[in-house]
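Fold and contact review
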Amino acid sequence: MGEKTPERRRTRDVSRFIKNRPKATAATYQSGLVKFLDFVFDNKETRRTAPGGRAPVDVAFYDGLAIEYLNGGRDEFDFADDLQDFIRATAGAAPKSLGSYKSTVLSWLAENHIYLHQQTTRRIQAGGRPLTRDRIPTHDELRKILGHGDLQLKAYLLLLSSSGLRPSEGLKLRWDDIDREHGVIRVRGEIAKNKTPRITFISVETMETLDEWREYFDQYIAKIDAVTWREIERDTDRVFPVTYKATREKFLRVLAKAGLDETDPSTGRTVLHLHALRKFYRTRLAMGGASVDVVEELMGHEGYLADSYVRLTAADLETAYRQAEPELWIYKTKPINEGELKHLESENRELRGEIAAMRGEIAGVQAMMNALDSVLQNPAGLQYALEAAERLKEKE
């Protein structure tokens, strides 16, 4: 009887799993695997290269844990149970995060030639309804928010609410992506979520605010550099050379100043957030008369209709956008359409008639007052009138 062939050793640790991936993807995968390994090995906190929560993760330490876990004699069912227990233990996270954790661990196991059966993975529930409720801000609320923000935040929020860009897309825009004179944005494929380039548009008031921001831009960079304690090479080709985290924190501070920092009691998160501006855009543009095809195309959504059915030119999109644009205005007054104008003219005619009648009544009262005043100024005449009235009464 021959010797048993030794089992192939699995070697795809954390470092090898994330190697040569896009920076954002690598960070997401590393975070998910670190959390999973912390759970499996019952680590109370993430191991870092130095004390403090901001120090980099000790990847070498987690590489060792990963190899130990992969080659610890577990079978397919053990791996599946560990993943299910991990997802249940982190159930307080957002559904999107849970889905990311699950897909990360499954991809990592697959790269180590560990394939879990579809029926097994299906029972590991990582979805569900969003934990935090949200809502679309009103025009009045947006005016309050913008009134408490600085020029940089004001330009960014107006851009999001009038273009339908995702918050991350807005932060990755470069100055040469925007035609400020005509209000056109060219979204590059590398910054779009679906990696497909597209165009969208911005409102007149956003164009004006972006012009103000461009004029102040160099001063802003100089002030930021002056208060930054370490040397950072800033990408000044970007319209908003700030991180998403810093932008979100500034937005939360402005919400508090505006008295709009309402939170969901179940999660403690604000119900107004940056992504709500994309929902504002989608709702208001449709209310302005833009078709679903136009809205979906400008927002970069895929899968609504097959490409063979949708053939909208840039001119078609711009015409539809400009007609609906007033619904996106935060400060400007919405123009009056023909029906509203006729209604106002009718109301005007009625008011002019009422005013003329009131003027007639006032003139009559004034005449009576003048007559009375004349009588009061002639006591002899008044006496004569009273005596005459008395004689008439006696004759009756």
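A quick note: this is a predicted structure, and the numbers were derived from the prediction, not measured. (Residues numbered from 1 in each chain as written. Predicted model: local features only at pLDDT ≥ 70, side-chain atom pairs only at ≥ 80, totals over all residues. Heavy atoms only, no water.)

Points about the overall build of the protein chain
Along the protein chain, the regular secondary structure elements total 16 helices and three strands. Looking at the protein chain as a whole, 35% of its 396 residues are labelled buried. For the protein chain, the accessible area works out to roughly 24800 Å², and carbon and sulfur atoms hold 52% of it. (Helix = DSSP H or I, 4+ residues; strand = E, 2+ residues; numbered from the N terminus. Buried < 20%, exposed > 50% of the residue type's maximum accessible area, 1.4 Å probe, protein only. Areas by Shrake-Rupley, 256 points an atom, 1.4 Å probe, with all protein chains shown as cover.)

Remarks on the packing of aromatic side chains
When we look at a pair of aromatic rings, we describe it by the centre distance and by the angle of the planes. Under the defined criterion, the tally for this structure stands at 15 aromatic pairs. With centroids separated by 5.1 Å and ring planes inclined at 20°, the aromatic side chains of Phe17 and Tyr29 adopt a geometry described as stacked. One end of the pair, Phe17, is in helix H1 (residues 14-18); the other, Tyr29, is in helix H2 (residues 23-40), and 12 residues separate them in sequence. Residue Phe17 is classed as buried on the basis of its relative accessible area of 1%. Aromatic ring contacts, followed pair by pair, group Phe36, Phe39, Tyr69, Phe79, Phe86, Tyr101 and Trp108 into a single cluster. When the ring centre of Phe61 is taken as origin, the NZ or CZ atom of Arg47, which lies over that ring, is 4.2 Å away. (Phe/Tyr/Trp six-rings, centres within 6.5 Å; stacked < 30°, edge-to-face > 60°. Lys NZ or Arg CZ within 6 Å of the ring centre and 35° of its normal.)

Some details on the confidence of the model for the protein chain
In this model, the protein chain carries a mean pLDDT of 84, and residues with pLDDT of at least 70 account for 82%. Ignoring residues within four places in sequence, the model shows residues 303-309, a span with pLDDT below 50, making five contacts including any to other chains. (pLDDT = per-residue confidence, 0-100. Contact = heavy atoms within 4.5 Å.)

Structural notes on empty space enclosed by the protein
Tallied over the entire structure, the rule returns one cavity of 30 Å³ or more. Approximately 60 Å³ is the volume found for the largest cavity. Along the walls of the largest cavity sit Pro137, Leu142, Ile145, Leu157, Phe251, Leu272, His273, Ala276 and Leu277, which together make up its complete lining. When residues of the lining of the largest cavity are traced back to their parent elements, those giving at least two are helix H7 (139-148) and helix H12 (276-287). The residue inventory of the lining of the largest cavity, partitioned by class, reads eight nonpolar, one polar and no charged. (1 Å grid on protein atoms, 1.4 Å probe; cavity = no way out; pocket = protein on both sides within 12 Å on 5 of 7 lines; lining within 4 Å. Points joined across faces, edges and corners; volume = space filled by probe spheres on them. Nonpolar A, V, L, I, M, F, W, Y, C, P; charged D, E, K, R; others polar.)

Some remarks on helix H8 (residues 151-163)
Given a rise of 1.5 Å per residue, 13 residues ought to cover 18 Å, and the 18 Å separating the end C-alpha atoms of H8 matches this to within 8%. Burial runs high along H8: 11 of the 13 residues are buried. Residues of H8 that are buried include every one of Gln152, Leu153, Ala155, Tyr156, Leu157, Leu158, Leu159, Leu160, Ser161, Ser162 and Ser163, and no others. One or two residues past the end of H8 sits Gly164, with phi positive at roughly 80°. (Expected span 1.5 Å × (residues − 1).)

A look at the nonpolar core
Leu157, Leu159, Leu210, Trp213, Phe240 and Leu285 are the most contacted members of the largest nonpolar core, which has 53 residues in total. At seven residues, H8 tops the list of elements feeding residues into this core. In contact with Leu159, other than residues within four places in its own chain, are Gly164, Leu165, Gly170, Leu173, Ile178, Ile185, Ile202, Thr206, Leu210 and Phe240. Within the second largest apolar cluster, 30 residues are counted, among which are Val34, Leu37, Phe86 and Leu116. (Core = buried A, V, L, I, M, F, W, Y, C linked by side-chain atoms within 4.5 Å.)

Concerning unusual backbone geometry
For Asn20, which is not a glycine, the phi torsion comes out positive at approximately 65°. Of note, Asn20 is situated in the loop between H1 and H2. We classify Asn20 as exposed; its relative accessible area is 75%. Residues other than glycine seldom take positive phi values, yet His113 does so here, at roughly 60°. Mapped onto the elements, His113 comes out in the loop between helix H5 (95-111) and helix H6 (118-122). Residue class for His113 comes out partly exposed when judged on its relative accessible area of 49%.

Comments concerning the pattern of salt bridges
Taken as a whole and assessed by the stated rule, the structure comprises 21 salt bridges. Among the ionic pairs, Arg21 bridges to Glu111, the shortest N-O distance being 2.7 Å. You can see Arg21 sitting in the loop between H1 and H2 and its partner Glu111 sitting in helix H5, a full 90 residues away along the chain. Of the residues examined, Arg21 reaches a relative accessible area of 28% and is grouped as partly exposed. Ionic pairing is found between Glu327 and Arg284, a salt bridge with its closest N-O pair at 2.5 Å. Placement of Glu327 in the loop between helix H14 (314-324) and helix H15 (338-376) and of Arg284 in helix H12 is noted, with a sequence separation of 43 residues between them. Overlapping salt bridges, with partners in common, bring together Arg12, Arg21 and Glu111 in one network. (Salt bridge = Lys/Arg side-chain N within 4 Å of Asp/Glu carboxyl O.)

What to know about the sheet that holds strand S1 (residues 178-179)
Read from one edge of the open sheet, three strands run S1-S2-S3, paired in antiparallel fashion. Edge positions in the open sheet fall to S1 and strand S3 (198-201), since each of these has one partner strand only. Summarising the sheet, strand S2 (residues 184-187) and S3 pair through four bridges and their orientation is antiparallel. Residue pairing across strands places Val187 opposite Arg198, the latter belonging to S3. (Pairing = 2+ DSSP bridges.)

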